[in-house]
Amino acid sequence: MSTPDLVADAVVKRFADHVAVDALSFSVERGSFFSILGPSGCGKTTLLRMIAGFIAPDGGDIAIGGQSMRNVAPNRRPVNMVFQQLALFPMMSVGENVEFGLARRGVGRADRKRKSQEMLERVGLSGAAHKRVDELSGGQRQRVAIARSLVLEPTLLLLDEPLGALDLKLREHMKIELKQLQAAFGTTFVYITHDQSEALVLSDHVGVMNHGRFEQLGTPQELYYRPQTPFVAGFVGANNRIVGKVDSINGEIVALSTASGWSIRARRHGSPAAGAAVEAFVRPEACILGRSVAELPQEFPVQAGAVQSLLFDGANSSVLLLEERTRHEFRIALPQTGQFSDLKPGEKIVFSFDPERAACFPARAGADGRSA
Amino acid sequence: MTKGRTLKRIAIWIWLGSVCAVSAHAADSQKLRIISWADYVPAEVVAAFKKETGITVELTLSNNEEMISKLRATHGAGYDLAQPSQDRITGPQRDFGIYKPIDLSKVKLGQFQLGLLDIVRRNTTLNGQQYALPYLWGTDGLVVNTKRAKAADYLDLCKPDLAGKTSIRLRRPTLMAFAFAMGKDPFALYSDTKAYSALMDQVGAKLIACKPNFKFFYDNKDQLLNGIRSGEVLAAMMWDTGGWTLNRENPDIQFIVPKSGALGWLDTYALPARGRNDAGAYAWINYTMRPEIAAKITKSVGSFSAAQNTGPLLDPKLKAQFAAAFPDSVVKAIHWYPSIPPGLEEIEGKVLDRVKAAN
Amino acid sequence: MQTRWHARLMLALLLAPALLWLGALIILPHLDLALLSLRQRTGPQQYVSSLAQYRTFFHEPLYWHVFVRTAVMSVVSTLFTLLVAFPIAWIIAKILQGRASSLLFIVCLVPFWVSETVRTLGWMILLRESGVLPALLVKLGLTAVPVEFLYRDATIMLGLVYTSMLFMLVPLVSSLESLDNSLIEAAYDLGASGASILRTIVIPHAAPGITAGCIIVFMLTLGNYLTPTLLGGKNSEWFTEQIYTQFITRFNWEQGAAFGFLLLGLSTAMVMIGLRLAGQRFGDVMRRT
Ligand SMILES: Nc1ncnc2c1ncn2[C@@H]1O[C@H](COP(=O)(O)OP(=O)(O)O)[C@@H](O)[C@H]1O
Ligand SMILES: [Mg+2]
């Protein structure tokens, strides 16, 4: 296997007494799409700016393409960045923006023109070279920002929430476009986002970041189906969160009950003792819904509830219901078949889920009862 | 700022302006506006005058050229009394009509020294009317720091050993002084414009050659006094009492009457054409020519009053200094400025400009 | 129809004070001066119209010399002001933050709380032969005798730069503050060096501010009277001084008015040339400040 394009080794950054990036280590394979996913303020931008060279780490080392980047200025790193607000140069035309980096490298005028022309073509902006930046739409600007960086053929392209400023529709569209661009160029992307769906759709690997550390690092599938921490379970994808105490443990399966007395079962992470505080997560789509007990598989415990509201969202529709006795809120995805789309609020309903597909973690210190 | 607020502000200013104008008008006869030289109107005299007459003196400091220019700009309005030099009255009067004739019946002529009154009458009469009365006089000469420098005449200011250590005023008296020092009599050429112009060109050339010797051209009294006190300037063309003032502080500094003779200047009282308080002006003239007041003024200003009978009242030290510098023979040799015929000042102006611009 | 007529009347009424103001304080005096500059005195209170005043200017090398000298010195001092003000503006706008930045700005402002006369006299006290700086140099053994720093062109330049500082600083700071830091970082990230960032990003962005500052400073410098005359002393040779002399000392209003118009023409021409060089339009520049 070739050397990774990016290796971070115990990188630390402190602001006063606040640790923004806390001894982070990870590596990114050549040609892969790596995302860093985390809530706002968790230190993503700080990490990215250390990779780009705008701030120096307080500890640890960053290597790009096998070279340590200690004391290498941003303009000398084989890295380019797409800024959160794009930072296109308003005093230049689109073409000049794309040529900017080439000119700084001393590439001749004719070569520059040709390369920028080619690059604009590849991002679908062939006729825009002479336009002013503010004549472009949001999506077009996005592409110029990427073209401006990619034309330099960097080892690594850093993107800081590049879709954050776009409206939803365009964001969905650009998501796909980004993925295609990355595949077409084969450049290694390091992508920052607080939007888990962007991270899941785009990435080969995702690091889920919280308080300056990675909670879990893996493929989107691993994060989704096998979250290793309650934070990841709560942050990646939708999840029902149930907080309670361990009643009993049977092999891998824990029986727990909430303070109000609702009992469920879930697969164990770690080894909680009986009576320990835990939190369990059940994915909405892991549940089976029925109007009568007969419709449910027999091997799983049956739960009952009443419909509170129907959350219609096309293929992502779900029903929000209240557990029969404890009135604990619970969300279940509706089958794609359109079955149950006629549920009415107040209607009685039954459901069940495979405890193997529910996850139970020791409760986090300071975690409250809020559902994630 | 919004447009509404701008308008409001303008309205307020106009209102304020008119209020001031109205109130200014109301107090005219109780106010005497004098435009004069620095120190010429001592505060103590102003206070005593107000006590006696109820008239408040409002003073504006100026010099010959500014006085004339200001009065010209307003066609002689804005002041009730001006104090230009006697040689600078008929010329501007002919051109700009900025003064009104003196009504001699309102003046106590007996208070004036007859000789000075005579010079002023000769030099400031135009079309049979007299436009000024004498106020203060003095002479220009050399002030020298005798311990560190030697100078007996104006041309000595150009000696190499005084390089960068001398000063003059870049005005017409300097041209006259240098002309006399070069052995010429500029006043004799007043009526011969061509010869006068040639003489001025010579004087200008002399001053240009001498320019590196001048530290600065002084523009006001304090600038020169400070220069001499600090030792930056060792010799300068200066008026007599300024030299005596410095002499009292430092005996090394002495006023010297140049070998080519002292130049006598004489400043006057003149009435601006559109002055509003002539009665006040005459009252002031008569008041300041009283021997005891005139003596006070002489003491305060350091120049000699044109009033009679101040002798016994004068400061003995000043009298001694005067007597030492001006024995009778020297007094007789004082060159008094005659009135300037039209056109000459233009010639002098060009010469002065050339000196200023030369390197 | 009627409402439009009304609107126009309202507009006229609203503009009337401003137009009166403009007319009374700017246009009328200039018209008066223009007429004045076009006549010649032939005798006491007798004048004929003539171009003699302008002819004098062109025929007398003396006036020419001072005119050109004033223009050149003004340009040079404007450039110096820009060179000095730019780094300070950069520090205020980009390097210091919050209080420190306002503090530096205020420190630069403080000298302008006293009048220009007092400021210039302050310089004179420092620089005159018997002043603070020459004494210090002697004490330090750098010069054997006190050196006279006044009455030199360099001193005039120093005073002019100092006096104009604020008027350069304000437009520069405001235009640099509006420069998004991420543009600088982006350029740096794309491989640009400090110098090329300055050339390709910062200066183009700040161009309106630079142009505005230069125009204001140039006009102020050209029209300055106190600083060159006080600091330049016998060698000041500033054109405004020439105008003052003509008006006040020589009573030659006609010549003074002609000189005034020549100076007005010069400043207009220089501003046009400056704008052309900077590729800016006057209106844009003034809006940006
Ligand atoms: N220059 C700075 N000085 C002080 N604190 C900072 C600075 N930059 C970022 N921080 C803090 O570091 C933390 C991480 O910030 P950032 O990396 O921007 O988060 P994210 O990009 O994940 O939203 C935040 O708490 C932020 O307030
Ligand atoms: Mg961020």
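Above this text sits the structure in question.
Residues numbered from 1 in each chain as written. Chains lettered and ligands numbered in written order. Predicted model: local features only at pLDDT ≥ 70, side-chain atom pairs only at ≥ 80, totals over all residues. Heavy atoms only, no water.

S.K.: Now, about the nonpolar core: what can you tell me, with residues and values included?
M.R.: Counting residues in each nonpolar core, the largest one holds 118 residues, and the members touching the most others are B:Tyr99, B:Met176, B:Phe178, B:Ile228, B:Tyr269 and B:Trp284. Two domains each provide a minimum of three residues to this core, namely domain 1 (30-131 + 265-321) and domain 2 (138-262 + 336-357) of chain B. Those residues in contact with B:Trp284 that sit more than four places away from it in its chain are B:Leu32, B:Ile34, B:Val41, B:Val45, B:Val46, B:Phe49, B:Val57, B:Leu81 and B:Tyr269. Within the second largest apolar cluster, 96 residues are counted, among which are A:Val107, A:Leu125, A:Met209 and C:Ala93. (Core = buried A, V, L, I, M, F, W, Y, C linked by side-chain atoms within 4.5 Å. Buried < 20%, exposed > 50% of the residue type's maximum accessible area, 1.4 Å probe, protein only. Domains from an automatic or database assignment. Contact = heavy atoms within 4.5 Å.)

S.K.: Describe in detail the site of ligand 1, supporting the description with residues and values.
M.R.: All names here are of chain A. In the vicinity of ligand 1, the residues found are Phe15, His18, Ala20, Pro39, Ser40, Gly41, Cys42, Gly43, Lys44, Thr45 and Thr46. Here an oxygen atom of ligand 1 sits 2.9 Å away from a polar atom, N or O, in the main chain of Lys44. Contacts to ligand 1 include Thr45, whose side-chain N or O atom sits 2.5 Å from an oxygen atom. When the free accessible area of ligand 1 is taken as 560 Å², the share hidden by the protein chains comes to 56%. Of all the secondary structure elements, the ones that give two or more residues to the shell around ligand 1 are strand E2 (18-28) and helix H1 (44-52). Among the elements that line the shell around ligand 1, the one with the most residues is H1, at 3 residues. Among the residues making up the shell around ligand 1, the classes are represented as 4 nonpolar, 6 polar and 1 charged. (Near = heavy atom within 4 Å. Polar contact = N/O pair within 3.5 Å; in protein donor to acceptor, adjacent residues only side chain to side chain. Areas by Shrake-Rupley, 256 points an atom, 1.4 Å probe, with all protein chains shown as cover. Helix = DSSP H or I, 4+ residues; strand = E, 2+ residues; numbered from the N terminus. Nonpolar A, V, L, I, M, F, W, Y, C, P; charged D, E, K, R; others polar.)

S.K.: Account for the state of the cysteines, naming residues and giving values.
M.R.: All names here are of chain B. Scanning all chains against the criterion turns up 1 disulfide over all chains. There is a disulfide in this structure between Cys158 and Cys210, and the S-S distance comes to 2.1 Å. Linking Cys158 and Cys210, the disulfide has an S-S dihedral of approximately -105° and is accordingly described as left-handed. Linking Cys158 in the loop between strand E7 (133-145) and strand E8 (166-168) with Cys210 in helix H7 (residues 193-210), this pair joins segments that are 52 residues apart in sequence. (Disulfide = S-S within 2.5 Å.)

S.K.: How would you explain the interface of chain C and chain B if you had to name every residue and give the values?
M.R.: Taken residue by residue, the interface counts 38 residues in chain C and 38 residues in chain B. Of the roughly 3,100 Å² buried at the junction of chain C and chain B (both faces included), carbon and sulfur atoms supply 51%. Inspection of the region where chain C meets chain B yields 8 salt bridges. The shortest N-O distance in the salt bridge between C:Glu129 and B:Lys215 comes to 2.5 Å. Mapped onto the side of chain C that touches chain B, the elements with two or more residues apiece are helix H1 (2-37), strand E1 (39-43), helix H3 (61-95), helix H11 (239-249) and helix H12 (253-278) of chain C. Considering each element in turn, the side of chain C that touches chain B owes the most residues, 8 residues, to H11(C). Looking at the side of chain C that touches chain B, its residues break down into 14 nonpolar, 13 polar and 11 charged. (Buried area = accessible area lost by both parts, 1.4 Å probe. Salt bridge = Lys/Arg side-chain N within 4 Å of Asp/Glu carboxyl O.)

S.K.: Describe the arrangement of the chains, with residues and values.
M.R.: With 2 pairs of chains in contact overall, the greatest share of contacts is found between chains B and C. One finds no contact between chain A and chain B; the C-alpha atoms of the two approach each other to within 31 Å at their closest.

S.K.: Let's hear about the interface of chain A and chain C: which residues, and what values?
M.R.: Listed by partner, the interface residues are 22 residues for chain A and 17 residues for chain C. Overall, the association of chain A and chain C removes approximately 1,600 Å² of surface from exposure, summing both partners, and the carbon and sulfur fraction of that is 66%. Considering only the surface of chain A that becomes buried against chain C, A:Asn75, A:Met91 and A:Arg104 emerge as the three largest contributors, covering 34% of it. Where chain A meets chain C, there are 1 salt bridge.

Geometric values such as these leave the question of function open.
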